[in-house]
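# Summary of the model geometry
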Amino acid sequence: MKLTGSKILLESLIQEGVETIFGYPGGTVINIYDDLMGSSIKHVLTRHEQAAVHAADGYARATGKVGVAIATSGPGATNTITGIATAYMDSIPMVVITGQVPTGLIGNDAFQEADTVGLTRPITKHNYLVRDVKDLALIIKKAFYIARTGRPGPVVIDLPKDVQIDKAKFEYPDKVELRGYKPTYSGNMRMIVKAVKMMLAAKKPVLYVGGGATLTDSHAELLKLAEALQIPVTTTLMGMASFPTRHSLSLGMLGMHGTYYANMAVTSSDLLIALGARFDDRVTGKISTFAPHAKIIHVDVDPTSIKKNVRVDLPIVGDLLDVLKKMNKKLAEHKDEVAQANLALKPWHEEVAAWRKDHPMSYKPSKKEIKPQFVIEKLRELSNDDAIVTTEVGQHQMWTAQFFDFTQPRTFLSSGGLGTMGYGLPAALGAQVAFPDRQVIDISGDGSFQMNSQELATLVQYRLPVKIAILNNNFLGMVRQWQQLFFDKRYSQTCMELPIDFIKLAEAYGATGLRASKPEEVEEVIKKAFDTPGPVIMEFKVSREENVMPMVPAGAGLNEMVLAS
Amino acid sequence: MRHTISVLVENEFGVLTRIAGLFSGRGFNIESLSVAPTLDPTISRMTIVTSGDDRILEQVTKQLNKLIDTIKIIDFTGEDYVEREMALIKVTAEESTRAEILRICDIFRGKVVDVTPKCYTVEVTGSPVKVSAIIDLLRPMGIKELVRSGPVVLGRGPKGWKSG
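Scope of this entry: the structure provided in the associated data block. It should be emphasised that the depicted structure is a prediction, and the values quoted were computed from it without experimental measurement.

## Some details on the overall build of chain B
When helices and strands are tallied, chain B shows 4 helices and 9 strands. Seen in sequence order, chain B has helices and strands lined up from the N terminus as β-α-β-β-α-β-β-α-β-β-α-β-β. Each principal axis of the C-alpha atoms in chain B carries an extent, and together these give about 55 × 35 × 30 Å. Put simply, chain B shows about 8900 Å² of open surface, and 54% of that area lies on carbon and sulfur atoms. The averaged location of the 21 negative side-chain charges in chain B is 1 Å from the averaged location of its 22 positive side-chain charges.

Next comes the structure, spelled out in structure tokens:
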């Protein structure tokens, strides 16, 4: 039987196991939306295409499935760009479907035409313009395969309107073969044996864990490895929650706003084992003084990540879960050596413990003002262990990474690579759609929140009980902090001079708004918010010029931290 | 340092943009690029001359490999290969210079492929150095226009890319 392109699209999505898509209709996707009415696929209508893509991203990060978003051509497609770039930088599996003007009009500057394939080429893992309905099913198959395999990433399918209307015989391929794309999954055994030897011999080893651990769901094997060898673990922002932050081996986050002890441990280490991390500049600081005494083992599924920024002594290309399993298996065969290695690490643990004691993560508490860190601690204390936390970008994001404890994987969703303000609210929306019964909290700042605040409407419409904590300092706090420290307190355009009544804003959308202006009100507001059904904004009037510390100034080495302002 | 690499890619819509965009987006140099389909019409072969140190070249080849449309990369650095470039040179041919042009052509085993009363178009093939040399010799006669193909290369010996 022949089906129209739009029916083929929806049938293919069902074949891929897609249950929910996020999107926004328009002229060149109107046929798809017409067919959606009778489809088993649930569609969530956001209020902006950027939010649809972030929601699909949040859905993907929380579940591990491929997120799917849909938008119309032209402005619809250009609005998806930030969302796609966010997912690309953090390697999130996603398929974005955009409408396109009919093939006969492409290149004619038609109404709502944009060269979507050209625009998204540098921010996608791959993209397709479908020019014949006969190719559609195979392209969708390829898109999902590419999005979820290897180093995951977003794939765009640009679908002209006439291709949606044309008919073809529908048969969904069960296999796909791409001669130019064959990711290496299986880590080389010889290299793994070498790595295990190096780990057993190291005197000051550190495990440096990135987003790859989350993407491959490697948390259990990672825990096993760290505990077997008693190696301290530091994570990047993207690796957060793949290792329990309350674990005795956890050093917390490293890098620009990492803990003192994580950065000192990395700087002093003799063996750095990088697992699914890419030595981002926010992690390494000045490259020439990064882990100067360490041999580096780098495990990554993407060969381009290896030796891109730092020298590597032992590269292992492969799927992190596969490599960790093999490492753990090897270690199980060498129980005596493992016991010896554990013993030999005692002085190292003492050294790390001393750093931890000297400069623990802390802040100056206050009885007069609400300290933002205090809000994060209270949120942690009063929320469930399996709560999913999203953030926007800025000071609140760093405080969340520093002061919230994560015990379960895929519970911290944040834009790491691109650093997209306005990510957290729609990502929370996507996560809540995936897990209607779990607590989902967007920790936000007053600046970031206003970048996608229109999504309150989506939350209310779909009864998604996301709890939004706005740390309101009336500043674009992170930029203000830089201006204070490096630009002589010249606060150029960082003061949000118009105070917003966030309670009224919440109420305008039919949500609930609560406010805490004094420290003693914080707990009450959080408790009330968690007890209130539906979406709630908690506004915390926090101390305005609080800084995120410690801080490695841009261009400095990890051991040159500023500890307090 | 100058490096020559061949890239075998899916002969698909937009593939040239992907390759060129990768170079510009990551700040890699392209000195020349030539592209045409291979014996298998679904595959195109690009010859790219780029420059950079070993670390950059490693990133270039890895990043090219990462593209879904890239089937194979052949890096000719340190390899034994045949390199040829072609040029078409439109040169002013006055009565006084015609004989000299033909002589130069002869030395470089070039051919005159178009003749008008005032102008010759010379075709010459060889290594990029040789092509540059004939251009230098013809320049004094007055070159009106010229086009160089950019080099194409093949490894020496009986081995084809599929077996290598």
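## With respect to the packing of aromatic side chains
Ring pairs (aromatic) are described by centroid distance and by the angle formed between their planes. Residues and elements named next belong to chain A. This structure, assessed with the given rule, holds 14 aromatic pairs over all chains. When the centroid spacing of 5.9 Å and the interplanar angle of 90° are considered together, the rings of Phe279 and Phe290 count as edge-to-face. Taken together, the residues Phe279 in the loop between β12 (271-275) and α12 (281-284) and Phe290 in the loop between α12 and β13 (295-300) connect sequence positions 11 residues apart. In this structure, Phe279 and Phe290 share a single accessibility class: buried. On the numbers, 5.6 Å between centres and 85° between planes, the contact of Tyr363 with Phe403 is edge-to-face. Here Phe403 lies in helix α17 (residues 395-403) and Tyr363 lies in the loop between α15 (346-358) and α16 (372-382), a separation of 40 residues in the sequence. Taken individually, Tyr363 and Phe403 each receive the classification buried, so the pair is uniform in this respect. Clustering of aromatic rings is evident, with ring pairs tying together Tyr208, Phe279 and Phe290.

## With respect to the pattern of salt bridges
If you walk through the whole model with that rule in mind, you get 42 salt bridges over all chains. Measuring nitrogen to oxygen at the nearest pair gives 2.7 Å for the salt bridge that ties Arg179(A) to Glu10(B). Linking Arg179(A) in the loop between β8 (167-169) and α8 (189-201) with Glu10(B) in strand β1 (residues 2-10), this pair reaches from one chain into another. Between Arg410(A) and Asp217(A) there is a salt bridge whose closest N-O contact spans 2.9 Å. Pair noted here: Arg410(A) is in the loop between α17 and β16 (412-413) and Asp217(A) is in the loop between α9 (211-215) and α10 (219-229), with a separation of 193 residues, a long-range link. For Asp217(A), a relative accessible area of 36% puts it in the partly exposed group.

## Topic: the sheet that holds strand β3 (residues 43-51) of chain B
All names here are of chain B. With respect to topology, 4 strands assemble into an open sheet ordered β2-β3-β1-β4, the strand pairing being antiparallel. The open sheet has two edge strands, β2 (32-37) and β4 (70-75), and neither has a second partner. The mean angle between the axes of side-by-side strands here comes to 15°, regardless of whether they run parallel or antiparallel. Note: β2 against β3, 6 bridges, orientation antiparallel. Residue Ala36 lies in a different strand from β3, and its bridge partner there is Arg45.

Parameters and conventions
Residues numbered from 1 in each chain as written. Chains lettered and ligands numbered in written order. Predicted model: local features only at pLDDT ≥ 70, side-chain atom pairs only at ≥ 80, totals over all residues. Heavy atoms only, no water. Helix = DSSP H or I, 4+ residues; strand = E, 2+ residues; numbered from the N terminus. Areas by Shrake-Rupley, 256 points an atom, 1.4 Å probe, with all protein chains shown as cover. Lys, Arg positive; Asp, Glu negative; His and termini not counted. Charge placed at Lys NZ, Arg CZ, Asp CG, Glu CD. Phe/Tyr/Trp six-rings, centres within 6.5 Å; stacked < 30°, edge-to-face > 60°. Buried < 20%, exposed > 50% of the residue type's maximum accessible area, 1.4 Å probe, protein only. Salt bridge = Lys/Arg side-chain N within 4 Å of Asp/Glu carboxyl O. Pairing = 2+ DSSP bridges. Axes fitted to C-alpha atoms, helices over the stretch in contact; angles between N-to-C directions.

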